[in-house]
Amino acid sequence: MTDGIEINDRDVVTLDSIAPGVRGLRILLVNVYAVSTANGWVLIDAGLPMSHGRIRRWAESHFGSRKPSAIVLTHGHFDHVGAFPQILDAWDVPVFAHQLELPYLRGEKKYPAPDMTAGGGVMSLLAPFYPRGPINLGDRVQPLPLNGIVPEFEDWKWIHTPGHTEGHVSFFRDSDRTLLVGDAFCTTKQESLTAIATQKPELHGPPAYYTSDWDAAKASVEILANLQPLCVAPGHGLAMSGADVAPALDDLAKNFDELARPKKTRRAA
Ligand SMILES: [Zn+2]
Ligand SMILES: [Zn+2]
């Protein structure tokens, strides 16, 4: 039930200067990003339900009345698509997501129920924002182009990073090795309220209660580690940049079973 839920000012934090042309907005526990491009800007993800007004006001403070050229989704979980459909009333722009994510965005398929035994502390915090049912964007959401490049977002490549969801993608800019990872991994431990309150950046696996395929999630972190990023900006947690990022991500990839995979789903050796 999302009616009547209001987001408090203290739960909205701007995350500026993440990388050239990349700025973020954290609403409660969830980040969205605005990326400047040659001809304008692109919005990455769409936050929790009821956050459309916040996202719009933030965007207006940076871009005036200029709407984004596109909204690009890392995946379709409710905490990344919450500004829909209202945000499209103001911004009639194309929405892109991976082909495998489209059924979840067109009301045809529901994500598996969260695995509360994999750590559910935060789930209760987000409970007021649970949607009533799957979102249906119909034809307004289109598949990401197969050549890896989103129109009007040419400096970036999308990379299929499944595991957290089937059609999860990350975005990489080769020129300065900036990586937007969605929920492929986090820089805060999503299951722990304390870690979120302090937001001390350190690398963790994807949000455990919502990750459906741990083997794929591990392979995706390996793919992202091989990019040797200098800056990572996640869906949950603070962005991190500097020479320490790539070794930290290598470490997460190499020790994924130990650091990220919930114990009860670890395969017997
Ligand atoms: Zn997610
Ligand atoms: Zn998320």
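Residues numbered from 1 in each chain as written. Chains lettered and ligands numbered in written order. Predicted model: local features only at pLDDT ≥ 70, side-chain atom pairs only at ≥ 80, totals over all residues. Heavy atoms only, no water.

**Notes on the overall build of the protein**
Cut-off, in case you're wondering: The numbering of helices and of strands both runs from the N terminus, where a helix is a DSSP run of H or I of at least 4 residues and a strand a run of E of at least 2. Each residue's exposure class comes from its accessible area (1.4 Å probe, protein chains only) as a fraction of the maximum for that residue type: buried when under 20%, exposed when over 50%, partly exposed otherwise. The contact rule is simple, with two residues in contact once any of their heavy atoms fall within 4.5 Å. To measure how exposed things are, a 1.4 Å probe is used in the Shrake-Rupley method; for residues, cover is taken only from the protein chains shown.
The helix and strand tally for the protein stands at 8 helices and 12 strands. Counting every position in the protein, which comprises 269 residues, the buried fraction comes to 52%. Put simply, 66% of the contacts in the protein that link residues at least 6 apart link residues at least 24 apart. About 11,800 Å² of surface is accessible on the protein, with carbon and sulfur atoms providing 51% of the total.

**A closer look at the side chain of Thr37**
Residue placement: Thr37 occurs in strand 3 (residues 30-37). The exposure class of Thr37 is buried, given its relative accessible area of 19%. Look past the residues within four positions of Thr37 in its chain and what remains in contact with it is Val42, Glu152 and Phe153.

**Side note on the pattern of salt bridges**
To be explicit about the condition: Every case where a carboxyl oxygen of Asp or Glu lies within 4 Å of a side-chain nitrogen of Lys or Arg is listed as a salt bridge.
Following the criterion strictly, the structure yields 8 salt bridges and no others. Across the salt bridge formed by Lys218 and Asp257, the nearest N and O atoms sit 3.2 Å from each other. You can see Lys218 sitting in helix 6 (residues 214-226) and its partner Asp257 sitting in helix 8 (residues 256-259), a full 39 residues away along the chain. Overall, Asp257 belongs to the partly exposed group, its relative accessible area being 29%. Among the charged side chains, a network of salt bridges with common partners joins Asp215, Lys218, Asp257 and Arg261.

**Quick notes on the nonpolar core**
As a reminder, the rule being used: We define a nonpolar core as any set of buried Ala, Val, Leu, Ile, Met, Phe, Trp, Tyr and Cys residues linked to one another through side-chain atoms lying within 4.5 Å.
Of all hydrophobic cores here, the largest spans 36 residues; its most connected members are Ile55, Ile71, Phe84 and Trp91. Of all the secondary-structure elements, those providing two or more residues to this core are strand 2 (22-27), strand 3, strand 4 (40-44), helix 1 (52-63), helix 2 (86-90), strand 6 (95-97) and helix 3 (102-105). Among the elements that make up this core, the one with the highest residue count is helix 1 (4 residues). Ignoring sequence-local partners within four residues, the contact set of Ile55 consists of Leu25, Ile27, Val32, Leu43, Ala46, Gly47, Ala83, Ile87 and Trp91.

**Some details on the coordination of the zinc ion (ligand 1)**
Each donor-metal-donor angle would ideally measure 109.5 degrees in four-coordinate tetrahedral geometry, or 90 or 180 degrees in six-coordinate octahedral geometry. Which entries qualify depends on this criterion: Water is not among the atoms examined, so metal sites may look incomplete; donors are the N, O and S atoms within 2.8 Å of the metal, or within 3.2 Å for Na, K and Ca. By the criteria applied here, four donors are tetrahedral when all angles lie between 85 and 135 degrees, four are square planar and six octahedral when opposite donors are over 155 degrees apart and every other angle lies between 65 and 115, and any other arrangement is irregular.
The protein atoms that coordinate the zinc ion (ligand 1) are His75 (NE2), His77 (ND1), His164 (NE2) and Asp183 (OD), at distances of 2.1 to 2.3 Å. Taken together, the 4 donor atoms coordinating the zinc ion (ligand 1) and their angles of 89 to 174° define a geometry best described as irregular. Between the donor residues of the zinc ion (ligand 1), the gaps in sequence give the motif H-x1-H-x86-H-x18-D.

**A short note on the packing of aromatic side chains**
Rules: Geometry of aromatic contacts follows a simple scheme: Phe, Tyr and Trp rings, the Trp one being its six-membered ring, pair when their centres are within 6.5 Å, and the pair is stacked under 30 degrees between planes, edge-to-face over 60, tilted otherwise.
Taken as a whole and assessed by the stated rule, the structure comprises 8 aromatic pairs. Ring geometry for Phe153 versus Phe171: centroids 5.9 Å apart, planes at 65°, classification edge-to-face. Of this pair, Phe153 sits in the loop between strand 7 (141-143) and strand 8 (156-160) while Phe171 sits in strand 9 (residues 169-173), and the two are 18 residues apart along the sequence. You can call Phe153 buried: its relative accessible area is 1%. Arranged with centres 6.0 Å apart and planes meeting at 45°, the rings of Trp214 and Phe256 form a pair that is tilted. Of this pair, Trp214 sits in helix 6 while Phe256 sits in helix 8, placing them 42 residues apart in sequence. The buried category is assigned to Trp214, whose relative accessible area is 8%. An aromatic cluster of at least three residues, connected via ring pairs, comprises Trp41, Phe63 and Trp91.

**Considering the coordination of the zinc ion (ligand 2)**
All of the protein donors around the zinc ion (ligand 2) are Asp79 (OD), His80 (NE2), Asp183 (OD) and His236 (NE2); their distances to the metal are 2.1 to 2.5 Å. Relative to the metal, the 4 donor atoms surrounding the zinc ion (ligand 2) lie at angles of 88 to 157°, and the coordination shape comes out irregular. Positions of the donor residues of the zinc ion (ligand 2) along the chain correspond to the pattern D-H-x102-D-x52-H. The metal-metal distance between the zinc ion (ligand 2) and the zinc ion (ligand 1) comes to 3.3 Å, with Asp183 coordinating both.

**Quick look at the sheet that holds strand 5 (residues 70-72)**
Here is the rule we go by: Strands are treated as partners if at least two bridges between them are detected by DSSP. To get an axis, a line is fitted to the C-alpha atoms, and for a helix only the part in contact is used. The angle between two axes follows their N-to-C directions and goes from 0 to 180 degrees.
The strand order 1-2-3-4-5-6-7 describes an open sheet built from 7 strands, whose pairing is mixed. Whereas interior strands pair on both sides, the edge strands pair on one side only; in this sheet they are strand 1 (12-19) and strand 7. Each adjacent strand pair in this sheet contributes to an overall mean axis angle of 25°, direction not counted. Two elements, strand 6 and strand 7, share 3 bridges in a ladder whose sense is parallel. Residue pairing across strands places Ala97 opposite Pro143, the latter belonging to strand 7. Across the sheet, helix 1 lies against strand 1, strand 2, strand 3 and strand 4, angled at about 155° from strand 2, the strand it touches most.

Any functional reading would require information beyond the geometric quantities listed.
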